[in-house]
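Residues per chain are reported as follows:
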There are 2 protein chains.
Amino acid sequence: MTSTLHTAAPSTTPTTDPTASDGGDTDARPALIRGLSAPKGFGDATLRERRADAIELLGGIPDPAVLPTRELAEATARVLAVPGVPALQYGRTEGLPLLREWIAAREGVDVGRIVITNGGFHGLSLAIQAVVERGGTVAVDDPIFPLFLRGLELSAGVPLPVPVGAEGLDIDALEARLADGARPSGLYTVPDFHNPSQGTLPTAARRRLVELAEQHDFVVFADNPYRELRFAGEPQDDAVFNESDHVIHINTFTKTLGPGLRLGWLVLPERFTRDVVALRSRQDSHTSLFVQSAIAELLTSDEGLFDRTLGVARELYRSRAEGLATALEREAPGAFEVRVPDGGFFLWPRLVDDAVDADRLAADASAEGVEYQRGSFFASGTGNGAERHLRLSCGDTSVERLDEAAVRLARALARQA
Amino acid sequence: MTSTLHTAAPSTTPTTDPTASDGGDTDARPALIRGLSAPKGFGDATLRERRADAIELLGGIPDPAVLPTRELAEATARVLAVPGVPALQYGRTEGLPLLREWIAAREGVDVGRIVITNGGFHGLSLAIQAVVERGGTVAVDDPIFPLFLRGLELSAGVPLPVPVGAEGLDIDALEARLADGARPSGLYTVPDFHNPSQGTLPTAARRRLVELAEQHDFVVFADNPYRELRFAGEPQDDAVFNESDHVIHINTFTKTLGPGLRLGWLVLPERFTRDVVALRSRQDSHTSLFVQSAIAELLTSDEGLFDRTLGVARELYRSRAEGLATALEREAPGAFEVRVPDGGFFLWPRLVDDAVDADRLAADASAEGVEYQRGSFFASGTGNGAERHLRLSCGDTSVERLDEAAVRLARALARQA
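All figures in this text were calculated on a predicted structure; none of them were measured in a lab.

Q: I tried to follow the overall build of chain A on my own but got confused; where do I start?
A: When you go through chain A residue by residue, the secondary structure sums to 14 helices and 14 strands. Across its three principal axes, chain A shows a C-alpha extent of roughly 65 × 50 × 50 Å. The buried share among the 417 residues of chain A stands at 63%. For chain A, the share of sequence-separated contacts (at least 6 apart) that also reach a separation of at least 24 residues comes to 75%. Looking at chain A as shown, the accessible area adds up to about 14300 Å², and 51% of this sits on carbon and sulfur atoms.

Q: Please explain the pairing of strand β6 (residues 186-189) of chain B as it appears in this structure.
A: Taken residue by residue, a regular strand's side chains alternate between the two faces of the sheet. All names here are of chain B. Every second residue of β6 is oriented toward a common face, with Gly-186 and Tyr-188 on one face and Leu-187 and Thr-189 on the other, all of them buried. Pairing analysis gives 3 bridges linking strand β3 (residues 137-142) to β6, with the strands arranged parallel. Within the sheet, the bridge partner assigned to Val-138 lies in β6 and is Gly-186. Taken together, the 4 bridges between β6 and strand β7 (residues 219-223) define a ladder with parallel strand orientation. Along β7, the bridge assignment pairs Leu-187 with Val-220. Chirality of the crossover, the property in question, places the unit of β6, helix α8 (residues 203-216) and β7 among those that are right-handed.

Q: Please explain the interface of chain B and chain A as it appears in this structure.
A: Frequently, the measure chosen for interface size is the accessible area that the parts lose on association. Contacts between the two partners involve 67 residues from chain B, matched on the other side by 67 residues from chain A. The largest share of the area that chain B buries against chain A comes from Leu-88, Tyr-90 and Arg-282 of chain B, three residues that together contribute 16% of it. Joining chain B to chain A, the criterion identifies 6 salt bridges. Of the charged contacts in the structure, one is a salt bridge between Arg-34 of chain A and Glu-133 of chain B, with a shortest N-O distance of 3.2 Å. The tally of links from chain B across to chain A stands at 32 residue pairs in polar contact (both at pLDDT 80 or more). Counting only elements with at least two residues in the side of chain B that touches chain A, the list comes to α1 (31-34), α3 (69-80), α5 (120-131), α6 (147-152), α9 (254-257), α10 (270-281) and α11 (289-301) of chain B.

Q: Sorry if this is basic, but what is going on with the relation of the copies chain B and chain A here?
A: The two chain copies are connected by a rotation around an axis plus a translation along it. Mapping chain B onto chain A calls for a screw motion: a turn of 180 degrees about the axis and a shift of 0.0 Å along it, with 0.0 Å RMSD after fitting. Viewed as a symmetry operation, the transformation between the two copies matches a two-fold axis. A shared interface surface links the copies, since 100% of the contact residues of chain B are contact residues in chain A too.

Q: Quick question: what am I supposed to make of the UniProt feature "domain: Aminotransferase class I/classII large" (unreviewed entry) in chain A here?
A: UniProt records the feature "domain: Aminotransferase class I/classII large" (unreviewed entry) at residues 68-409 of chain A, using the numbering of this structure. Across residues 68-409 of chain A, the secondary structure splits into 42% helix and 16% strand, with the terminal C-alpha atoms separated by 33 Å.

Q: Looking at this structure, I do not really get the sheet that holds strand β14 (residues 390-393) of chain A. What am I missing?
A: Two pairing modes exist for strands in a sheet, parallel and antiparallel, and in both the strands are linked by backbone hydrogen bonds. Residue and element names in this part refer to chain A. The strand order β1-β13-β14-β11 describes an open sheet built from 4 strands, whose pairing is mixed. A strand with exactly one partner marks an edge of an open sheet, and here the two such strands are β1 (55-57) and β11 (346-347). Alignment of β11 against β14, held across 2 bridges, turns out to be antiparallel. Each residue of the ladder has a partner; that of Leu-347, found in β14, is Leu-392. Contacts between helix α13 (residues 358-368) and the sheet are confined to β13 (370-374) and β14, with β13 contributing the most and set at about 155 degrees to the helix.

Q: In this structure, what is going on with the environment of Thr-287 of chain A? I would like to understand it.
A: Examined against the element boundaries, Thr-287 of chain A turns out to sit in the loop between α10 (270-281) and α11 (289-301). Separated by 107 residues in the primary sequence, Thr-287 of chain A and Cys-394 of chain A place their C-alpha atoms 30 Å from one another. Apart from the residues lying within four places of it in its own chain, the contact partners of Thr-287 of chain A are Ile-116, Thr-117, Asn-118, Arg-262, Leu-263, Arg-280 and Gln-292 of chain A together with Arg-262 of chain B.

Q: Just to check I follow, could you spell out a negative patch on the surface for this structure?
A: On the surface, Glu-211, Glu-214, Asp-217 and Asp-245 of chain A cluster together into a patch of negative charge. Relative to the assigned elements, Glu-214 of chain A resides in helix α8 (residues 203-216).

Q: So what exactly am I meant to see when it comes to the pattern of salt bridges here?
A: Residues and elements named next belong to chain A. This model, assessed by the stated rule, comprises 72 salt bridges over all chains. A salt bridge links Arg-51 to Asp-53, with the shortest nitrogen-to-oxygen separation between them at 2.9 Å. The class of Arg-51 is partly exposed, set by a relative accessible area of 32%. For Glu-368, the salt bridge goes to Arg-415, with nearest N and O atoms at 3.1 Å. Residue Glu-368 is found in helix α13, and its partner Arg-415 is found in the segment after α14 (399-414); the two are separated by 47 residues along the sequence. Overall, Glu-368 belongs to the buried group, its relative accessible area being 11%. Through salt bridges with shared partners, a single ionic network connects Arg-106, Glu-107, Asp-192, Arg-206, Arg-227, Glu-228, Asp-238, Asp-307 and Arg-314.

About the criteria used
- Residues numbered from 1 in each chain as written.
- Chains lettered and ligands numbered in written order.
- Predicted model: local features only at pLDDT ≥ 70, side-chain atom pairs only at ≥ 80, totals over all residues.
- Heavy atoms only, no water.
- Helix = DSSP H or I, 4+ residues; strand = E, 2+ residues; numbered from the N terminus.
- Buried < 20%, exposed > 50% of the residue type's maximum accessible area, 1.4 Å probe, protein only.
- Contact = heavy atoms within 4.5 Å.
- Areas by Shrake-Rupley, 256 points an atom, 1.4 Å probe, with all protein chains shown as cover.
- Pairing = 2+ DSSP bridges.
- Right-handed = clockwise from strand over helix to strand, strands pointing away.
- Buried area = accessible area lost by both parts, 1.4 Å probe.
- Salt bridge = Lys/Arg side-chain N within 4 Å of Asp/Glu carboxyl O.
- Polar contact = N/O pair within 3.5 Å; in protein donor to acceptor, adjacent residues only side chain to side chain.
- Least-squares fit on C-alpha atoms with pLDDT ≥ 70 in both.
- UniProt positions renumbered as here; feature names shortened; annotations may be inferred.
- Axes fitted to C-alpha atoms, helices over the stretch in contact; angles between N-to-C directions.
- Patch = residues over 30% accessible without salt bridge, like charges linked within 9 Å, V, L, I, M, F, W, Y side chains within 5 Å.
- Lys, Arg positive; Asp, Glu negative; His and termini not counted.
- Charge placed at Lys NZ, Arg CZ, Asp CG, Glu CD.

In structure tokens form, the structure reads like this:
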């Protein structure tokens, strides 16, 4: 039995009362702590005994074979050989200048707007705390990357679900909510290869979203961890998120250089930089300078390395997404509506036959030896149809194993035939 | 001009109104953010132009010469060569089991009580947020490690100063405050080689402190980053802090293996582990597994390495503390009352002559080319006499340079003769 971050429990929807407690009137813990939900939802649901030979299609995990591990070991050795070993000393809260400059150049923004984080989720948590007053409303994707709802508990935030369709967030639906009087202080969305539903928000919709944010004075939390892993289709304009003082753009090296680094960044509007740095300096001072120095050395000592790494990774992830889609259709013809995404790690197939019990299918699949996240775990509202989907991660599983996973999934489906 | 964490600004004392704003009624930022003080105090005061040849005795910085950098590079290369490269994947919020087990064995506690942090300050921030309700009272050292007061702003906490003497926290004074009706939810102290005043809390006083915490139901934040750097005197009982459910024991590899790692740990009473893990999982998920794996490999692949590293470091820091004390008496006989501490990086000399203007001395010393922290920056209350002291850090400065620093300081003193 395993349990790691990517399979951990999302929150249930927080209550609107930030002082709500699960410990009764005698609970003397701070309101912040009482507002943190106990593990439940997909964490618990997937905490069942797994077959020893289970194929796990659970998390957004990069394949270690396409991480530049040898080059990272060499870069680390070099930074540890620098006289005075600055990589082992204190650094600035904002991050290592060399790394911030590399990121700023890639993002096309002034370096003063870059704050290094301990990964994308850390960026989200800082953005939430810097923007959302306790009990405030935040518009969110529906379906959603469920860990965002956990992070939102840091501000006892109340999620306002906005539908996500084949092309990402439904801007018309958002506009209607705003016209109805909704006054969110923030909006959370994943613009590229939406997690879980895999659509990409078109450039025109991005511009409308930013305009709405500016008109209604909310802050867009644009969370884009899969951006660099596009293997098909045309990139949509990402710079739009860097051009407004109503967008905090969140990114990370997690999907490209490895989750274990815990290294990401924020592109902040200037009006937020001082507050975020002040908050961050009171939490953990700064991101490991050992990690920052090693990655800065890795990226700057060989200018082509990052793009070469991405090129190999994209091809691998494309072959796996296509391979799994093909295998599903071969093993269970017509059972799923599958769209191969334009990037990232996931398929989001929909069960075509309404008679299939999706929860039973997940349990049967587990018994057959394949683990995935059921779509219901990604709902932030109701009526989104997420429960008819499966989220299948194929980034770190070989095509051969993906073929076997499809065979097992077909067997599980057959149990309901 | 340089500015890094260890020279950064402490907070001013937070107001008792957690909604107090520095931006007027139109400030729409969350109360958490409005409660974070702007940089002032010793950060600003030391942000003056320094001489290019300035000798900096400012921060609690280990000497890079006694960090095991070569061994760390080798350990890193080994963990990056492990098939599947688990060091670059997701991990558990609590930390890497191998590292937690090593620490638990050294602390003499169950591994379930260890949570890995991004350094000691991160441990403090988690403890504050897990224990202190917004606006709550926290008893604190006076003089104090001033960055704690900044961290306390995360809970809009109100500090209650308790005097610190030659043997650390004055337990009688604390008891008197409690008898007078003070009801703190937490108490902050540095028990070994107090920062800045260098005393060590005796075992009997530690036991009384823990008893008071249990009687009055507050939580001791025992912050002990210099514990392993004892070079004289007898160790006082540290295990007492691991035996009560009213103590959170905070430690770090910062002073022994390097601040840049950002790697520390909490020893938590069982009643707090779930809350701290829940909070931490919503902030940045977990400490870099790359860092944790490299350090776990470093510590466990050669069981004697850590203690050998400490042995060399202690001897170096002893020679520097003694060297600086000797040089001060040689260059400015009778000007300072100096006590060589039993461990750590600092001297805390007191100006004997009340006629010396301590602020002018610091400015003159800067002009002469020596930078240090003036004692007034460490006051959490009034009447503690801290303003008559200098905090001189000698951990990362050679004896030859310390001799020169004493010469320059004597010249600065002579300007007031």
